Amino acid sequence: QVQVVESGGGLVQAGGSLRLSCVASGRFSSIKTMGWYRQAPGKQRELVATISSGGSTNYTDSVKGRFTISRDNAKNTVYLQMNSLKPEDTAVYYCNADLVTLGYMRGYWGQGTQVTVSS
């Protein structure tokens, strides 16, 4: 059984910082791309940032220069360092991990962690 679990959300004032973590556990042979997505009330889920197994990163324009995605392959963990937070960053943040099991790759989602930025 595979689990993807996020942590690190919370309430922060505008201009502040938060660090999200996401750990993948269970039976799988490798992890490919890991990423962070977010969904604000009344809006569709959107990509925030992704990182490949080799460390290549991709960010949505609205977070470039403020957010940094990184991963620790030994710990099956991906991080999202969020600086200079804005009220419009308020959302539920979800982790996605592409896990390989028995030669097949499948994306797994975490349960989400709430990030609230007050003005």
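The present account deals with the structure reproduced in this document. (Residues numbered from 1 in each chain as written. Predicted model: local features only at pLDDT ≥ 70, side-chain atom pairs only at ≥ 80, totals over all residues. Heavy atoms only, no water.)

Examining the environment of Lys 32
Reasoning step 1: Topologically, Lys 32 is positioned in strand E4 (residues 30-39).
Reasoning step 2: Taking the C-alpha atoms as reference points, Lys 32 and Ser 118, 86 residues apart in sequence, are found 35 Å from one another.
Reasoning step 3: When residues no more than four places from it in sequence are discounted, the contact partners of Lys 32 are Ile 51, Ser 52, Ser 53, Arg 71, Asp 98, Val 100 and Met 105. (Helix = DSSP H or I, 4+ residues; strand = E, 2+ residues; numbered from the N terminus. Contact = heavy atoms within 4.5 Å.)

Focus: the packing of aromatic side chains
Reasoning step 1: Taken as a whole and assessed by the stated rule, the structure comprises one aromatic pair.
Reasoning step 2: Ring centres of Tyr 37 and Trp 109 lie 5.0 Å apart, and the angle between their planes is 70 degrees; this geometry places the pair in the edge-to-face category. Of the two residues, Tyr 37 is situated in strand E4 and Trp 109 in strand E10 (residues 104-109); the sequence distance between them amounts to 72 residues.
Reasoning step 3: The ring of Tyr 79 is capped by Arg 19, whose NZ or CZ atom sits 4.0 Å from the centre of that ring.
Reasoning step 4: The positively charged end of Arg 45 is found above the aromatic ring belonging to Tyr 94, 3.7 Å away from the centroid. (Phe/Tyr/Trp six-rings, centres within 6.5 Å; stacked < 30°, edge-to-face > 60°. Lys NZ or Arg CZ within 6 Å of the ring centre and 35° of its normal.)

A word on the nonpolar core
Reasoning step 1: Counting 31 residues, the largest nonpolar core has Trp 36, Leu 80, Met 82 and Tyr 93 as the members making the most contacts within it.
Reasoning step 2: When residues of this core are traced back to their parent elements, those giving at least two are strand E3 (18-25), E4, strand E5 (46-51), strand E7 (67-72), strand E8 (77-82), strand E9 (91-101) and strand E11 (113-118).
Reasoning step 3: If you tally residues by element for this core, the top one is E9, at five residues. (Core = buried A, V, L, I, M, F, W, Y, C linked by side-chain atoms within 4.5 Å. Buried < 20%, exposed > 50% of the residue type's maximum accessible area, 1.4 Å probe, protein only.)

Some details on the sheet that holds E7
Reasoning step 1: Read across the sheet, four strands follow the order E1-E3-E8-E7 without closing on themselves; strand pairing throughout is antiparallel. Of all strands in the sheet, those bounded by a partner on one side alone are strand E1 (3-7) and E7. Between one strand and the next, the sheet's axes are offset by a mean angle of 15 degrees, whatever the strand orientation.
Reasoning step 2: Relative to E8, E7 is paired through six bridges, and the arrangement is antiparallel. (Pairing = 2+ DSSP bridges. Axes fitted to C-alpha atoms, helices over the stretch in contact; angles between N-to-C directions.)

Here's the deal with the side chain of Thr 113
Reasoning step 1: Secondary-structure assignment places Thr 113 in strand E11.
Reasoning step 2: Apart from the residues lying within four places of it in its own chain, the contact partners of Thr 113 are Glu 6, Ser 7, Gly 8, Gly 9, Leu 20, Ala 91, Val 92 and Tyr 93.

Let's talk about the pattern of salt bridges
Reasoning step 1: One pass over the full model with this rule turns up four salt bridges.
Reasoning step 2: When the shortest N-O distance is used, the salt bridge between Asp 61 and Lys 64 registers 3.0 Å.
Reasoning step 3: Lys 64 gets classed as partly exposed once you look at its relative accessible area, which sits at 49%.
Reasoning step 4: When the shortest N-O distance is used, the salt bridge between Asp 89 and Arg 66 registers 2.8 Å. Separated by 23 residues along the polypeptide, Asp 89 in the loop between E8 and E9 and Arg 66 in the loop between strand E6 (57-59) and E7 bring together distant segments of the chain.
Reasoning step 5: Note on Asp 89: relative accessible area 1%, which makes it buried.
Reasoning step 6: Given a relative accessible area of 11%, Arg 66 falls into the buried group. (Salt bridge = Lys/Arg side-chain N within 4 Å of Asp/Glu carboxyl O.)

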